[in-house]
Amino acid sequence: PHNVWGPSWSSDGRHIYASGQVDGHEIEAYRFDLRGIDQTILSTGTFSPMNRFVDDPERGLVYYEHLARGNSLPASGSQIKAYDTRTGESSALVTRPGGAMNPALSPDGMSLAYIHRNDMVDELIVRDLDTNLQRVVARGIERDRQDYPVYHHATYPGMAWTPDGASIVIWY
């Protein structure tokens, strides 16, 4: 891979997920083992950034943000997709007007937090992964970067759950 960016540790600490650019245009996602050996797990076939990988070992999934170039903003924007580690297939998990970005899995693996742009105002959403029910936990947070052409940065700053799962921390 060339120009690798956006590394994320797997939950077991044995792998690193990251994106990279191939031949100056195509974006791929990789899983590196601790020896640096990479495995291509996803290929967009186009200049279509993928960022913020987070694995869910209980469900055998890797969640990630995908900003398909050509999506008009804020109509569609980024999507949160799920890569199935057993089948090698990827599918949309959260697709909504204004986009869905920056997935963060709760410590118990039951909820997925993400950022959503609602009528030009960013919101922090928590989704129950069993019921698919979603709730807004914060509105008017820092504006996302979906409109910016910088592909090697995720569309939102860092975000993580506290170890007890009681709070979500966002840093800029």
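None of the values given here were measured: they were computed from a predicted structure.

Participant: Quick rundown of the overall build of the protein? Include the residues and the values.
Facilitator: Counting its regular elements, the protein contains zero helices and 14 strands. Walking the protein from its N terminus toward its C terminus, one meets helices and strands in the order β-β-β-β-β-β-β-β-β-β-β-β-β-β. A buried classification covers 46% of the 172 residues belonging to the protein. Contacts in the protein between residues far apart in sequence, at least 24 positions, make up 31% of those at least 6 positions apart. Of the roughly 8,600 Å² that the protein leaves accessible, carbon and sulfur atoms contribute 51%.

Participant: Describe in detail the nonpolar core, supporting the description with residues and values.
Facilitator: Soluble globular proteins: nonpolar side chains tend toward being buried together. Ranked by size, the top nonpolar core spans 12 residues in total: Val54, Leu61, Tyr63, Ile80, Ala82, Val94, Ala100, Leu105, Leu112, Tyr114, Ile125 and Leu129. Every element with two or more residues in this core is listed here: strand E6 (61-66), strand E7 (79-84), strand E9 (100-105) and strand E10 (111-118). Not counting chain neighbours up to four residues away, the residues in contact with Leu105 comprise Val54, Asp55, Asp56, Tyr63, Ser111, Leu112, Leu129 and Trp161. Core analysis: the next-biggest nonpolar cluster, separate from the first, contains 11 residues, Trp5, Ile41, Leu42 and Phe53 among them.

Participant: Explain the pattern of salt bridges to me, and be specific about the residues and the numbers.
Facilitator: Tallied over the entire structure, the rule returns six salt bridges. Here Asp130 makes a salt bridge to Arg59, at a shortest N to O gap of 2.8 Å. Taken as a pair, Asp130 in the loop between strand E11 (121-128) and strand E12 (134-141) and Arg59 in the loop between strand E5 (50-56) and E6 lie far apart in primary sequence, 71 residues in all. Taking the shortest distance from any N to any O, the salt bridge between Glu123 and Arg139 comes out at 3.1 Å. Here the residue Glu123 occupies a position in strand E11, and Arg139 occupies one in strand E12, the gap between them amounting to 16 residues. Each member of the salt-bridge network shares a partner with another, and the members are Asp56, Arg59 and Asp130.

Participant: Let's hear about the pairing of E12: which residues, and what values?
Facilitator: Relative to E12, E11 runs antiparallel, the two being bridged by six bridges. What sits directly across from Arg127, in E12, is Gln134. Connecting the antiparallel pair E11 and E12 is a turn made up of five residues, with Asn132 showing a positive phi of about 70°.

Participant: Run through the side chain of Ser10, naming residues and quoting values.
Facilitator: Inspection of the secondary structure puts Ser10 in the loop between strand E1 (2-9) and strand E2 (15-22). Looking at Ser10, its side chain comes within polar contact range of the main-chain nitrogen of Arg14, at 3.3 Å. Not counting the four nearest positions on each side in its chain, Ser10 is found in contact with His15, Tyr17 and Asp55.

Scoring rules and cut-offs
- Residues numbered from 1 in each chain as written.
- Predicted model: local features only at pLDDT ≥ 70, side-chain atom pairs only at ≥ 80, totals over all residues.
- Heavy atoms only, no water.
- Helix = DSSP H or I, 4+ residues; strand = E, 2+ residues; numbered from the N terminus.
- Buried < 20%, exposed > 50% of the residue type's maximum accessible area, 1.4 Å probe, protein only.
- Contact = heavy atoms within 4.5 Å.
- Areas by Shrake-Rupley, 256 points an atom, 1.4 Å probe, with all protein chains shown as cover.
- Core = buried A, V, L, I, M, F, W, Y, C linked by side-chain atoms within 4.5 Å.
- Salt bridge = Lys/Arg side-chain N within 4 Å of Asp/Glu carboxyl O.
- Pairing = 2+ DSSP bridges.
- Polar contact = N/O pair within 3.5 Å; in protein donor to acceptor, adjacent residues only side chain to side chain.

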